[in-house]
Amino acid sequence: MEWLKGKVINMDKLIYLDNAATTQVYPEVLDSMIPYFTQYYGNPSSIYTFAGSAKQAVDEARAVLADCLGAKSEEIYFTGGGSESDNWAIKAAAEAYADKGKHIITTKIEHHAILHTAEYLEKKGFEVTYLDVDENGLISPDALKTAICPDTILISIMFANNEIGTIEPIKEVGEIAKENGILFHTDAVQAFGHVPINVDEMHIDMLSASAHKLGGPKGIGLMYIRKGVKIRSFIHGGAQERQRRAGTHNVPGIVGFGTAAKLAHSDMKKRSEYETELRDYLITRVINEIPHSRLNGDKIKRLPNNANFCFRFIEGESLLILLDQNGICASSGSACTSGSLDPSHVLLAIGLPHEIAHGSLRLTLSEQTTKEDIDYTVDKIKEIVMRLRNMSPLYEDFIKKEKN
Ligand SMILES: *Cc1c(COP(=O)(O)O)cnc(C)c1O
């Protein structure tokens with residue numbers, strides 16, 4: 001990144017706290033990928049010996065990824081990322097099981113890759129139930145049971161939320177799905193490589209994951225499909241991926257995904273403890289030192305690296321711009337909602353009124369984040385929130401009322 005320094009932005013001063021949007025590729029990941037651009041560039045579907053190295057690398061990565069999920073190699077299908085996996089799971093499962101019924105259950109807080117796909121299916125004649133969540137973002141297993149009807153063919157509930165970090169009761173959901181003989185898909189893009197997942201113990205039939213959320217490259221993901229699940233091909237063409245996902249394999253991407261997953265799983269416990277401690281330090285400082293602030297999402301059932309706050313009387317967008325001027329990369333929720341003025345659908349679903357949901361800030365850490373980064377960031381947030389409030393007529397009114 002030498003060429004970037006001093007040219008575009010000052011990389012020395014950069015504090016990157018948006019790891020839920022994407023992560024830096026680990027040096028080991030990049031190293032493992034390079035030979036598959038330069039040396040072993042063959043097409044793994046070709047039959048000559050030269051292509052064998054590429055094929056072997058794809059097989060090895062598949063085995064590593066399967067192992068991380070407690071799955072079998074032949075149940076892992078490579079895709080172009082989390083959004084593709086989500087689209088595939090919902091559309092293809094709906095189509096495959098349409099003769100059984102046309103009802104799908106999901107939640108109000110899914111990523112748009114699920115929500116917009118569900119809305120698309122509604123236009124195609126499917127009926128979708130969007131489960132409510134409580135004030136911490138948790139679905140209710142009882143509400144799920146109630147929502148199930150003879151027509152239900154698919155349940156899709158995210159493993160962990162990308163905005164507020166809440167981890168859903170996936171094992172309970174899996175048990176309910178299994179008892180009722182309904183297919184269960186989970187969007188585990190934020191969870192994979194960050195918290196332990198076992199598809200058998202949790203009764204997961206299909207699962208989406210994406211490499212760039214765990215130190216791997218962008219544009220490569222996977223879908224786990226349990227053996228026996230009937231689902232059509234999403235990309236038609238060649239016979240790759242057991243004829244279920246055509247297209248020449250992204251060999252360097254697949255290799256990088258495998259390396260990233262191996263690294264993430266080998267020190268998951270240590271990293272998770274480090275991030276949790278730093279996250280809780282950040283949360284405590286913000287809540288204690290900034291009046292009229294709140295933490296969004298569950299305190300305990302939460303991704304180790306996620307903190308999400310609302311500050312009353314300010315606009316999240318203004319806060320982000322001023323943080324950026326101080327070299328801090330943060331987000332107001334999901335990268336996909338930025339640019340639109342609608343408040344986050346997740347914050348509305350946990351019951352926040354529009355005016356509070358507008359003042360949101362998501363900070364997502366990595367194992368590279370230091371206590372100094374957090375201290376600097378909290379000091380800046382304090383300063384900026386104060387400055388913005390001093391310009392806010394709403395805050396002025398509030399203070400006047402408080403005095404009376
Ligand atoms: C990032 C993300 C996606 C999309 O993954 P891409 O690989 O960027 O397409 C889907 N779901 C969740 C929960 C995510 O955080």
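Since the model is a prediction, treat every value here as computed from it, not as a measurement.

1. Focus on a negative patch on the surface
Then, number 1: A surface patch of negative charge is lined by E119, E122, E127 and D151.
Then, number 2: Its location among the elements puts E127 in strand β4 (residues 127-131).

2. Quick notes on the environment of L319
Then, number 1: With respect to the helices, strands and loops of the structure, L319 is situated in helix α11 (residues 316-325).
Then, number 2: It is 24 Å that separates the C-alpha atoms of L319 and R302, two residues lying 17 residues apart in sequence.

3. Details of the confidence of the model for the protein
Then, number 1: Mean pLDDT over the protein: 94, with 95% of residues reaching 70 or higher.
Then, number 2: pLDDT under 50 marks residues 3-7. Its contacts with residues more than four places away, or in other chains, come to 4 contacts.

4. Notes on helix α3 (residues 49-69)
Then, number 1: Between its first and last C-alpha, α3 extends 31 Å over 21 residues, near the 30 Å set by a 1.5 Å rise per residue.
Then, number 2: Here α3 has its buried residues at A51, A54, A57, V58, A61, R62, L65, A66, C68 and L69. Burial along α3 is one-sided: seen end-on, the buried residues are contained in an arc of 170°. Across from the buried face of α3, at angles greater than 90 degrees, the exposed residues are T49 and D67.
Then, number 3: Buried residues belonging to α3 abut α2 (35-38), β2 (76-79), β7 (206-210), β8 (221-225), α8 (240-243) and α9 (251-266).
Then, number 4: Just downstream of α3 lies G70, where phi reads positive at about 70°.

5. What about the sheet that holds strand β3 (residues 103-107)?
Whenever strands of a sheet pair, they do so through backbone hydrogen bonds, lying parallel or antiparallel.
Then, number 1: The mixed open sheet is built from 7 strands, whose spatial order is β2-β8-β7-β6-β5-β3-β4. If you trace the sheet from one side to the other, it starts and ends with β2 and β4, each paired once. Each neighbouring strand pair of the sheet contributes to a mean axis angle of 20°, computed without reference to strand direction.
Then, number 2: Alignment of strand β5 (residues 152-156) against strand β6 (residues 183-187), held across 3 bridges, turns out to be parallel. Along β6, the bridge assignment pairs L154 with L183.
Then, number 3: Running over the sheet, helix α7 (residues 170-179) touches β5 and β6 and is turned about 160° from β6.

6. Thoughts on the pairing of strand β10 (residues 306-311)
Then, number 1: The buried fraction of β10 amounts to 6 of the 6 residues, a majority that puts the element mostly inside the structure.
Then, number 2: Side-chain alternation along β10 places N306, N308 and C310 on one buried face and A307, F309 and F311 on a second face that is also buried.
Then, number 3: Here strand β9 (residues 293-295) pairs with β10 via 3 bridges, running antiparallel. Considered in β10, the bridge of S293 is made with F311.

7. As for the site of the ligand
Then, number 1: Neighbouring the ligand are 13 residues, the closest being S83, D187, Q190, S210 and K213.
Then, number 2: Here G82 contributes a backbone N or O atom positioned 2.8 Å from an oxygen atom of the ligand.
Then, number 3: K213 is positioned such that a nitrogen or oxygen atom in its side chain is 2.8 Å from an oxygen atom of the ligand.
Then, number 4: For the ligand, whose unbound accessible area comes to 380 Å², protein coverage reaches 87%.
Then, number 5: With 3 residues, the top contributor of residues to the shell around the ligand is helix α4 (residues 82-96).

8. Considerations on the packing of aromatic side chains
Then, number 1: A complete count under the given rule lists 8 aromatic pairs for this structure.
Then, number 2: On the basis of an interplanar angle of 45° and a centroid distance of 4.8 Å, the ring pair of F313 and F398 is categorised as tilted. Of the two residues, F313 is situated in the loop between β10 and α11 and F398 in helix α15 (residues 393-403); the sequence distance between them amounts to 85 residues.
Then, number 3: Taken together through their ring pairs, the aromatic side chains of F313, Y395 and F398 make up a single cluster.
Then, number 4: Over the aromatic face of Y120 sits the side chain of K91, whose NZ or CZ is 5.0 Å from the ring centroid.
Then, number 5: The ring of Y97 is capped by K230, whose NZ or CZ atom sits 5.1 Å from the centre of that ring.

9. Points about the packing of α3 against α9
Working note: a packed helix pair is described by the angle between its axes plus the distance between those axes.
Then, number 1: Relative to each other, α3 and α9 sit at 35°, their axes nearing to 9 Å. The handedness of the crossing between α3 and α9 comes out as left-handed. Listed contacts from α9 to A54, A57, V58, A61, V64, L65 and C68 of α3 are V251, I254, V255, F257, G258, A261, K262 and H265.
Then, number 2: The residue inventory of the contact of α3 with α9, partitioned by class, reads 12 nonpolar, 2 polar and 1 charged.

10. Structural notes on unusual backbone geometry
Then, number 1: In this structure, R242 takes a positive phi of about 50° despite not being glycine.
Then, number 2: Mapped onto the elements of the fold, R242 is located in helix α8.
Then, number 3: Even without being glycine, F313 reaches a positive phi, approximately 70°.

11. As for the sheet that holds strand β12 (residues 360-364)
Then, number 1: Spatially, β9-β10-β12 is the arrangement adopted by the 3 strands of the open sheet, whose pairing is antiparallel. Looking along the sheet, the strands with just one partner apiece sit at the ends: β9 and β12. Shown here is a sheet whose adjacent strand axes are inclined to one another by a mean of 25°, direction ignored.

Conventions and cut-offs
Residues numbered from 1 in each chain as written. Predicted model: local features only at pLDDT ≥ 70, side-chain atom pairs only at ≥ 80, totals over all residues. Heavy atoms only, no water. Patch = residues over 30% accessible without salt bridge, like charges linked within 9 Å, V, L, I, M, F, W, Y side chains within 5 Å. Areas by Shrake-Rupley, 256 points an atom, 1.4 Å probe, with all protein chains shown as cover. Salt bridge = Lys/Arg side-chain N within 4 Å of Asp/Glu carboxyl O. Lys, Arg positive; Asp, Glu negative; His and termini not counted. Charge placed at Lys NZ, Arg CZ, Asp CG, Glu CD. Helix = DSSP H or I, 4+ residues; strand = E, 2+ residues; numbered from the N terminus. pLDDT = per-residue confidence, 0-100. Contact = heavy atoms within 4.5 Å. Expected span 1.5 Å × (residues − 1). Buried < 20%, exposed > 50% of the residue type's maximum accessible area, 1.4 Å probe, protein only. Arc of directions from axis to C-beta. Pairing = 2+ DSSP bridges. Axes fitted to C-alpha atoms, helices over the stretch in contact; angles between N-to-C directions. Near = heavy atom within 4 Å. Polar contact = N/O pair within 3.5 Å; in protein donor to acceptor, adjacent residues only side chain to side chain. Phe/Tyr/Trp six-rings, centres within 6.5 Å; stacked < 30°, edge-to-face > 60°. Lys NZ or Arg CZ within 6 Å of the ring centre and 35° of its normal. Left-handed = near helix turned anticlockwise from the far one by under 90°. Nonpolar A, V, L, I, M, F, W, Y, C, P; charged D, E, K, R; others polar.

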